[in-house]
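What the coordinates show
Read off the chains here:
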Amino acid sequence: MEILLALMVGILYGTGIYMMLRRSMVKLIIGIILLGNGANLLIFLLGRITKGAPPIIPGDSKVFVEAFADPVPQALILTAIVISFGLQSFAIVLVKRAHTVVRTDDLDEMNATDEDS
Amino acid sequence: MLTAILTGFIFSILLVFVGKFFKGKLSILASVVPLGLFLYFFQFIAPIADGEVITRSFQWIPSFGVDLDFKLDGLSLLFSLMITGIGFLVFAYTSSYLKGHEYLDRFYGYLAAFMGAMLGLVLSDNMITLFVFWELTSISSFFLIGFNNTNPASRKSAMTALGITGIGGLLLLASALLLNNITGTYSISEMLSMSEAIRGNEFYAVAVLLLFGAAFTKSAQFPFHFWLPGAMKAPTPVSTYLHSATMVKAGIYLLMRFTPILGGENIWNYTLIIVGGITMLYSAIHTLFRTDLKGILAYSTISALGILVFLIGLGTEEAFLAAAVFIIVHALYKATLFLVTGIIDHQTHTRDVTRLAGLNKIMLPVGIAGILAAISSAGIPPTIGFIGKELTYEATYHSETIIIISMIAIVLTKILLLYAGFVAGIKPFTGKLPEEHKNVKAPGPIMWIPPVLLATLGLIFGIAPFLIEGALIKPVVTALGGDASEIHLALWHGFNLIFILSLITIGVGTTLYFIIKPSEKLVAVAARYNKISPENILNLINKGFVQFSNFWTNFFQNGYLRNYISIIILFLVVIVGYIMIGNTRFVIDYNSLSKITVYEITTTLILIAGIFYTVFTESRLAAVAAMGVVGLSICLIFVFYSAPDLAMTQFSIDTLTVILFVLVLYKLPKYLKLSDYKTRVRDGVLSSVFGLIITVLALEVLSEPVSKQVGEFYAANSYVEAHGKNVVNVILVDFRGADTLIEVSVLSIAAVGVFGLMKLRLKMRDRKRYADTTLKQENKEQ
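Residues numbered from 1 in each chain as written. Chains lettered and ligands numbered in written order. Predicted model: local features only at pLDDT ≥ 70, side-chain atom pairs only at ≥ 80, totals over all residues.

A few words now on the overall build of chain A. Scanning chain A from terminus to terminus reveals 3 helices and 0 strands. Starting at the N terminus and ending at the C terminus, chain A contains elements arranged as α-α-α. Counting the 117 residues in chain A, one finds 51% classified as buried. In chain A, the share of contacts with a sequence separation of at least 24, taken over all contacts with a separation of at least 6, comes to 53%. (Helix = DSSP H or I, 4+ residues; strand = E, 2+ residues; numbered from the N terminus. Buried ≥ 20, exposed ≤ 12 C-beta atoms within 10 Å, placed from the backbone. Contact = placed C-beta atoms within 7 Å.)

A few words on the overall build of chain B. A tally of regular secondary structure across chain B gives 33 helices and 2 strands. Relative to its length of 782 residues, chain B is extended, with a C-alpha radius of gyration of 38 Å against a globular reference of 28 Å. Judged by the C-alpha coordinates and their principal axes, chain B covers about 115 × 70 × 50 Å. Out of the 782 residues belonging to chain B, those deemed buried represent 46%. The contacts of chain B with a sequence gap of at least 6 include a subset with a gap of at least 24, amounting to 78%. (Rg over C-alpha atoms; globule rule 2.2 N^0.38 Å.)

With 5 of 7 residues buried, strand β2 (residues 66-72) of chain B is to be regarded as a mostly interior element. Between the antiparallel neighbours strand β1 (residues 54-61) of chain B and β2(B) lie 4 residues, among them B:Gly65 with a positive phi of about 70°. (Pairing = 2+ DSSP bridges.)

Moving on, we get to the domain arrangement of chain B. The assigned domain composition of chain B is domain 1 (280-293 + 308-518) and domain 2 (562-736). Placing the centre of domain 1 of chain B and that of domain 2 of chain B at their C-alpha centroids yields a distance of 82 Å. (Domains from an automatic or database assignment.)

Residues and elements named next belong to chain B. Grouped together as the largest cluster of nonpolar side chains are 193 residues, with contacts concentrated most on Leu 211, Leu 308, Leu 311, Ala 323, Val 325 and Ile 473. Top contributing element to this core by residue count: helix α16 (residues 317-348), with 21 residues. When sequence neighbours within four positions are dropped, the list of residues in contact with Val 325 reads Ile 387, Gly 388, Leu 391 and Ile 473. Of all hydrophobic cores here, the second largest spans 67 residues; its members include Ile 569, Phe 638, Leu 646 and Tyr 714. (Core = buried A, V, L, I, M, F, W, Y, C linked by C-beta atoms within 7 Å.)

Residue and element names in this part refer to chain B. Put simply, Phe 222 and Pro 223 share a cis peptide bond, and its omega is 0°. Along the chain, the position of Pro 223 falls in the loop between α10 (204-218) and α11 (227-231). Phi at His 349 is positive, roughly 65°, even though this residue is not glycine. You can see His 349 is positioned in the loop between α16 and α17 (364-378). Accessibility expressed as a C-beta count within 10 Å gives 10 for His 349, which makes it exposed.

Okay, the interface of chain A and chain B next. If you look at the interface, chain A gives 76 residues, while chain B gives 85 residues. Taken together, the residues of the side of chain A that touches chain B break down into 48 nonpolar, 15 polar and 13 charged. (Nonpolar A, V, L, I, M, F, W, Y, C, P; charged D, E, K, R; others polar.)

Residue and element names in this part refer to chain B. Residue position: Ile 128 is located in helix α6 (residues 127-145). For the pair Ile 128 and Leu 172, spaced 44 residues apart in sequence, the C-alpha to C-alpha distance is 9.2 Å. Setting aside anything within four residues of it in sequence, one finds Ile 128 in contact with Val 66, Ala 176 and Tyr 186.

Turning our eyes to something else, we now look at α10(B). Residues and elements named next belong to chain B. With 15 residues, α10 ought to run about 21 Å at 1.5 Å a step, and its terminal C-alpha atoms sit 21 Å apart, in line with that. Of all 15 residues that make up α10, 11 are buried, and the element is covered over most of its length. Those residues of α10 lying buried are Ala 207, Val 208, Leu 210, Leu 211, Phe 212, Gly 213, Ala 214, Ala 215, Phe 216, Thr 217 and Lys 218. In this fold, the buried residues of α10 make contact with α7 (152-183), α13 (250-262) and α14 (266-286). Immediately beyond the C-terminal end of α10, within one or two residues, lies Ala 220, with a positive phi of roughly 55°. (Expected span 1.5 Å × (residues − 1).)

So, about the pairing of β1(B). On a regular strand, one side chain projects to one face of the sheet and the next to the other, so that they alternate. With 7 bridges connecting them, β1(B) and β2(B) associate as antiparallel partners. If you follow B:Thr55 over to β2(B), its bridge partner there is B:Lys71.

On to the packing of helix α2 (residues 25-46) of chain A against helix α27 (residues 620-640) of chain B. Two elements in contact, α2(A) and α27(B), have axes whose closest approach is 11 Å; the angle formed by their N-to-C orientations is 10°. Taken together, the axes of α2(A) and α27(B) lie roughly parallel to each other. Contacts from A:Val26, A:Ile30, A:Ile33, A:Asn37 and A:Leu41 of α2(A) reach α27(B) at B:Arg620, B:Ala623, B:Met627, B:Val630, B:Gly631 and B:Ile634. (Axes fitted to C-alpha atoms, helices over the stretch in contact; angles between N-to-C directions. Parallel < 35°, antiparallel > 145°, perpendicular 65-115°, else oblique.)

Bringing the packing of helix α15 (residues 293-314) of chain B against α16(B) into the picture now. Residues and elements named next belong to chain B. Where α15 contacts α16, the axes come no closer than 10 Å and their chain directions differ by 175°. Between α15 and α16, the interaxial angle falls into the category roughly antiparallel. Here α15 contributes Leu 293, Lys 294, Leu 297, Thr 301, Ala 304, Ile 307, Leu 308, Leu 311, Ile 312 and Leu 314 to the contact with α16, which in turn contributes Ala 319, Ala 322, Ala 323, Phe 326, Ile 327, His 330, Lys 334, Leu 337, Phe 338, Thr 341 and Ile 344. Classifying every residue of the contact of α15 with α16 gives 16 nonpolar, 3 polar and 2 charged.

To continue, consider the environment of B:Leu663. With respect to the secondary-structure elements, B:Leu663 resides in helix α28 (residues 644-665). Overall, the presence of 12 C-beta atoms within 10 Å leaves B:Leu663 in the exposed class.

What follows deals with the environment of B:Ser594. Tracing the backbone through its elements, the reader meets B:Ser594 in the loop between α25 (561-580) and α26 (598-616). Residues B:Ser594 and B:Tyr641, spaced 47 residues apart in sequence, show a C-alpha to C-alpha distance of 10.0 Å. In this view, B:Ser594 contacts A:Met1, A:Glu2, A:Ile49 and A:Lys51; residues no more than four positions away in its chain are not counted.

Predicted coordinates in areas of low pLDDT are best not read in detail. Per-residue pLDDT for chain B has a mean of 84; in total, 95% of the residues score no lower than 70. Confidence metrics for the complex model read pTM 0.70 and ipTM 0.91. (pLDDT = per-residue confidence, 0-100.)

Moving on, we get to α17(B). Residue and element names in this part refer to chain B. Here α17 contains 15 residues, and its C-alpha end-to-end distance of 21 Å stays within 8% of the 21 Å for a straight helix at 1.5 Å per residue. When we look at burial in α17, the residues that qualify are Val 366, Gly 367, Ala 369, Gly 370, Leu 372, Ala 373, Ala 374, Ile 375, Ser 376, Ser 377 and Ala 378. In this fold, the buried residues of α17 make contact with α16, α18 (384-397), α19 (403-425), α20 (445-463) and α22 (497-515). Just downstream of α17, Gly 379 is the residue with a positive phi angle, here 75°.

Right, here's the structure in full:
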C-alpha cells in the first residue's frame, strides 16, 4: 500500500503543479488545493502508516500498551488542513473580487500593477 | 588621541541640535574646533622629531583582531597637521564664503565629520579601522560634493565620486583580508615585521594590486581620475579641503604607509612609476584645454598626485624626501589657489579665466596670495616650491631605471604645471580690468587672510627650510623606512644639471604662458577626444551593465506567475534529479509494507479518477465537484490508517471548500482553455517529471529507518502530564497550545479578510469600469 500511496502523492504533486501553470485563476486555486492534499498525504506516509491503532490511549490505562500510530505527523497535518482552508477561502473570495473589478479570469491580463492597463 | 578623532564626529552630531547657533554671525566660532585639534597635534612635533612613536590602543572586537589602534609617527603627524591646519583656515573662510547660507550648519557638520574621518584614517594602525575611516571619508565627501543638491549635475558628480571611491574602499578591504590571511593580523605595525613573509607569499602581487586599486581611485590616478574634476561642483571650501589638500592625498598616504611593508619589489615600483607618470603628464596636458579656473586647478591637482605616486614608485630615499617636501608644497600652494579662486568666484560670479584680469586693483591682498602661490607652484626661488622641484628632479635623475623617459616626463609636467599655476594665480590679477568687473567689491578680511597666510608660509618655508626640515620632513622619511640623518634642505644646490633643468622649466613655462592664451577654441579641441576618455568608456560600461540587469530582471521577473513556478520547478527537477541519478537504490522491503485490501484499491482508483477528472474536465462545476471527491478519498485513507481526527477535519474542511467554491464561482465566465496544445504538453511533461521525482523521493525515504522518539514522548506523557487520552488533541491544545493559538489568530485574520472582500462596496471608478467592460462584452457578443 505504501507504494500505491507514494504514487498517489506523485500524481497529486504533478497535477497540482500542472494546474498552477494554467492561466485561469480558478485552476490556480484548484492546483494549490491538490498540491496541499499531496503534501498532507506525503507527511502522513513518511510518518509511517499503521493500520487500526489510532493514537488514543485505551480507556483504563495511562499509557499505550500496544503499538500505536505516530501522533506527531497527524498533529502537523491537522494544522496544515485548517490553515490551508484559511488560504483557500481567502483565495476563492479574492478571485471573485478580482473578477468583479477587472472582468477576467485570465492571469495574463492581470499582471500589470497599473490601473489603466 | 581617540578623543581628538572623535571630536569631529561629536561636533558634527552636536550641530544637529545647536546648528542655529552657528548659522548667524557666530559661525566663525566653528573654526575653534580644528584650531584646538591643530594645537593638540602641534605639541607632538618635538617628541616625534626626537624619534618617538606614540601609540594608543582601545579594544573593539578583539576576537576578530579588530582594535582601535592608533599610531602617531612622522607620516601621520604631517597629515594630521595638514588636516587640522588647513581645516582651521577652511572653516574660518567658509563662515564668510557661505555667509547666511540656509544650510551652513549642515555644511559645518559634514566638514567636521570629514575631518574626524580623515584624522582617523591617517592615525589608524589597524587595517579594518583604516578601512572604516576610509569609507567614512568617501561618504562625507559624497555629501559635500552634493551639497548643492538642487543641482542635478552636482548630484551626478557626487554619485560618480562615491561610486569610484567606494569601489576603491572595497578593494582596500579585500587587500586587508588577504594580508590578514598571509600574516594573521590586521595590525599595520605587526605587518611591518613580517614584510619578508608577505613578499614571499604567492598572493603578494594580488594584495599589492588591490591596494593600488584603493589608492588610485582615492587619489584620482589615471584611469580613475575623472571623478575629481566632477567633484569640483562642490562649494570651493570643499574643493580646497577635500579635493586638493587632504582627502585625495589619502591614497598617497596609503602608498607611503605600506611602502616599508610591501614596497621595493618590481611590481610595486614599476606600476607606480608608470601609472603616476601617465597621470601626471596626461592631466598636466589637460590643463591647457580648460578655461574654468577650478577645472584647471582640478587637473593640476591630479597631475601633482601623479608626481607623488611617481616619486613613491622610484622608491629611493631621495624620492621619499622629495615626496614629503612636495606634499607640503602642494598643500600650501594648491589650497591657496583654490581659496583665491573661491574669492574671485564669490565676488565676480565667474570662474572663466578668459574673462578675468586686473583684479589686483580691487583685491590686492588676494592678488599677492595668488601670485605667491603661482610662483611656488612654478618652483621659482625663494619659495619652498623651488626646493620641492629641485628635489623631484634630483630624485628622478638619480633613479636607476628609465632615467631619460622619466626625466622628460617630469620636466614636461613641471612646465605645464607652471603654466597652470600662472593661469590660475597670475592671470586674473594682471593686465587691464575688464568693464564688467568695474563694480566688483573687495572681499572681507576673513576671506583673504587664509590664502595670504598659506602663501606666506610657502615663502617662509622656502627662505628658512630648516623650520620644517627637522620637525616634519625627517620624521616622514624615517617612517617610510629611510635614513634621515643626511637630509639637509637648502635653496641653493650648486650650479649643476638639475639647476639648468630648473632654468629651462621656468623659461619654457613662462614663454608658454605668454604664447598660449586659454580660450574656448582649445576647450573645443579637447572635447573632440571625449569619446575615448576613460570617463566615457566607464559610462558606457555602466550603461551596458544597467541594460544587462534590466534584461536579466525582466527575463526572470516577467510578471507571469506560471513562469516563476516553471523556473522554480524546473530548477528543482534538475538539481534533485541530478542527485537522484546514481544515488537511488530502489530497495524496497516488501515485508515491511502494509497489506493491500480491496476497499483500499477501490479508494485509490476513485482518488485517481477524481484527480484526472479535476484536471481534464471542461466544466468548472465538475472540476470543483471532482476535487471534493479527491478530498473525501483522502479522508477515507486517513480512516484506514488510524487517523480519525484527520479524517474528521478533512471531511468538514473539504465540504466547506466545495460549498464556498460553488457559491462564489457561478458568477464567473466560462471555463476557457487559454493555452495552446504545445504549452500544455510542455507543462504536462514538466509536472509529470516533478511528480515522478516526488514519488521516488518518498520511496527512498521510506527505505530509511524512522525515529519515533518525539511521538513516544507525547504518548507517554499525554495522560500522565496533560490528562488527555487522545494524543493528537493533547498535542494541539496542550503541548503546542501556543502554536494553535497563533493558528486560530491566522484563521481569524483570513476570516476578516474574506468578510471584507465580500462586503466591500465598489468604488465609483471601479463601478464605472465594470459598467464599461460589461457594455463592451455585450457589444462584442452582438
